[in-house]
Amino acid sequence: MKEITPEIRKEIEDMIFDYYAEECEIDRSEISMDADPQEDLGGDSLMFVELIEMASDKYDIDVKLQSVGKYMLKAPLKSMKDVVDVFCKIYQYGNDIVNL
């Protein structure tokens, strides 16, 4: 299991916010932790999949979409905070996220 330091958490948050800002064509400063990624920002599930692939490459994480999907059935993403939290868990646990 990898450790989530404040620096890693901030790096993950920046990656996610920058991605959503670019893909949803909005200013990054308009994105808050309380924003709903789909309702407020116009995001979709395909964007989330692309983010998983980006994080996997950037942090050398071996994680299957099935594992993340099973975890998300228990913990749906209703805010950007939820998105950041799940990516921190993906970073920490990889495929073992399904066991949380």
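Provided above is the structure to which this section pertains.
(A) Molecular detail of the packing of helix H1 (residues 6-23) against helix H4 (residues 80-93). Where H1 meets H4, the closest approach of the two axes is 10 Å, and the angle between their N-to-C directions is 125°. By the angle between their directions, the pair H1 and H4 is classed as oblique. The interaxial crossing formed by H1 with H4 has right-handed handedness. Of the residues in H4, those in contact with Ile8, Arg9, Ile12, Glu13, Ile16, Phe17 and Tyr20 of H1 are Met80, Val83, Val84, Asp85, Phe87, Cys88 and Tyr91. When grouped by side-chain class, the residues that make up the contact of H1 with H4 number eleven nonpolar, no polar and three charged.

(B) The state of the cysteines, seen in detail. This model, assessed by the stated rule, comprises zero disulfides. Not part of a disulfide, Cys24 finds its nearest cysteine sulfur in Cys88, a span of 20 Å. Residue class for Cys24 comes out buried when judged on its relative accessible area of 16%.

(C) Region of the structure containing helix H3 (residues 65-74). What H3 keeps buried is the set Ser67, Val68 and Tyr71. For H3, the arc enclosing every buried residue in end-on projection is 95°, short of the 170-degree limit, so these residues lie on one face. Opposite the buried face of H3, by more than 90 degrees, sit the exposed residues Gln66, Lys70 and Leu73. Next to the buried residues of H3 lie helix H2 (45-59) and H4.

Conventions adopted
Residues numbered from 1 in each chain as written. Predicted model: local features only at pLDDT ≥ 70, side-chain atom pairs only at ≥ 80, totals over all residues. Heavy atoms only, no water. Axes fitted to C-alpha atoms, helices over the stretch in contact; angles between N-to-C directions. Helix = DSSP H or I, 4+ residues; strand = E, 2+ residues; numbered from the N terminus. Parallel < 35°, antiparallel > 145°, perpendicular 65-115°, else oblique. Left-handed = near helix turned anticlockwise from the far one by under 90°. Contact = heavy atoms within 4.5 Å. Nonpolar A, V, L, I, M, F, W, Y, C, P; charged D, E, K, R; others polar. Disulfide = S-S within 2.5 Å. Buried < 20%, exposed > 50% of the residue type's maximum accessible area, 1.4 Å probe, protein only. Arc of directions from axis to C-beta.

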